[in-house]
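Here are the chains, one letter per residue:
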Amino acid sequence: MPCYVRLMGKEDIAQVTEIDREAFPTQWPPANYQRELENRLAHYIVACDAGKTVEEPRVEVASRRGLSGLVSRVRQLFNHEPFFGKEPPPSRRRYILGFAGFWVMADEAHLTNIAVWESHRRQGIGELMLISIIDMAAELKASIITLEVRASNTSARSLYGKYGFTQVGLRRGYYISDREDGVLMSTENISSASFQAHLQHLKQAHARKWGTALRQIAR
Ligand SMILES: CC(C)(COP(=O)(O)OP(=O)(O)OC[C@H]1O[C@@H](n2cnc3c(N)ncnc32)[C@H](O)[C@@H]1OP(=O)(O)O)[C@@H](O)C(=O)NCCC(=O)NCCS
């Protein structure tokens, strides 16, 4: 399935929130993506199915038509421009397969979320998004990437481990819903020669396996 990554825009919030609810059912209240997109420290991406679209509710379409030509052209330039290929017209949006986000504070990028529809897992999409996030964090001059993950989340821990994250701490009872421990993980310096060499190797292996052309994310 052809898939590409681009920055998340406001029009993606409905789809992203559905994925979030499925992936993190115990998280309450759910993340407020409207606020996250307005947060200058936060950066969010979505992975889209290049061959599938979804219809948007009529009311949204009507309000978009009300935008002036200039505003909608600017929005297209800065928010909706995909990696490659063309986004469909605003009434039909690409089907979002997954999303991920991080905050940058000083020289540290902190991964806040990464999730893929359960029906589309194990197809290299989580990995594609993690690669994109590492590249973005490096471009934004972060030195390390940190995250917290549930101790029992073996799939996510395996993904992070593959990309060089190691455990640097344990937060006992960190998750309020069930008091599960949170494992704190971090990379080494992401600009170091050893990290970059490992990343290049993984990117090539991913492209060979899934045939996905990785490009820089358009901003
Ligand atoms: C974690 C998650 C994003 C991975 O996405 P994905 O698209 O299924 O992952 P990929 O297909 O790209 O797999 C990449 C790597 O992740 C690891 N992985 C993914 N699923 C796994 C599983 N079920 N068991 C073991 N390892 C797994 C493997 O290391 C895999 O590499 P490999 O193919 O060489 O074995 C996905 O499982 C998810 O959305 N989980 C729910 C949300 C969540 O827990 N997010 C993390 C919050 S900290």
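For the structure itself, look to the data block above.
As a starting point, this report considers the structure included with it. Nothing here was measured: the structure is a model prediction, and the numbers come from that model. (Residues numbered from 1 in each chain as written. Predicted model: local features only at pLDDT ≥ 70, side-chain atom pairs only at ≥ 80, totals over all residues.)

## Side note on unusual backbone geometry
Selection criterion: The secondary structure listing takes helices from DSSP runs of H or I that are at least 4 residues long and strands from runs of E that are at least 2 residues long, numbered from the N terminus. Comment: burial labels come from other C-beta atoms within 10 Å of the residue's own C-beta, placed from the backbone, where a count of 20 or more is buried, 12 or fewer is exposed, and between is partly exposed.
Looking along the chain, the bond that leaves Trp28 and enters Pro29 is cis, with omega of -5 degrees. In this structure, Pro29 sits in the loop between α1 (13-23) and α2 (33-38). Even without being glycine, Ala106 reaches a positive phi, approximately 55 degrees. Positionally, Ala106 belongs in the loop between β3 (92-105) and β4 (108-116). Residues other than glycine seldom take positive phi values, yet Arg122 does so here, at roughly 65 degrees. On the neighbour-count criterion, Arg122 (9 C-beta atoms within 10 Å) is exposed.

## Re α1
Where we set the bar: Read the arc as the range of directions from the helix axis to the C-beta atoms. We call two residues in contact when the distance between their C-beta atoms, placed using the backbone, is within 7 Å.
Every buried residue belonging to α1 is among Gln15, Val16 and Ile19, and all of these are buried. Summarising the axial view, the buried residues of α1 lie within an arc of 95 degrees, below the 170-degree limit, and thus occupy one face. The inward-facing, buried residues of α1 abut α2, β2 (42-55), β3 and β4.

## Thoughts on the site of the ligand
Put simply, the rule reads: Nearness is defined per residue: the C-beta atom, placed using the backbone, must lie within 6 Å of the molecule or strand. Each residue is assigned to one class: nonpolar for Ala, Val, Leu, Ile, Met, Phe, Trp, Tyr, Cys and Pro, charged for Asp, Glu, Lys and Arg, and polar for all the others, Gly among them.
Around the ligand sit 19 residues in total, of which Arg121, Gly126, Glu127, Ser155 and Leu159 are the nearest. For the shell around the ligand, the elements supplying multiple residues, two or more each, are β4, α5 (125-139) and α6 (154-162). Of all the elements, α6 adds the most residues to the shell around the ligand, at 6 residues. Residue composition of the shell around the ligand, by class: 8 nonpolar, 7 polar and 4 charged.

## Focus on the pairing of β2
Stated precisely, the cut-off is as follows: Here, strands pair whenever DSSP counts at least two bridges between them.
The sheet contact formed by strand β1 (residues 3-7) and β2 spans 5 bridges and is antiparallel. Paired with Arg6 across the strands is Val46, a residue of β2. Relative to β3, β2 is paired through 11 bridges, and the arrangement is antiparallel. Paired with His43 across the strands is Phe102, a residue of β3.

So, to be careful, I would describe these as geometric facts and stop short of saying anything about function.
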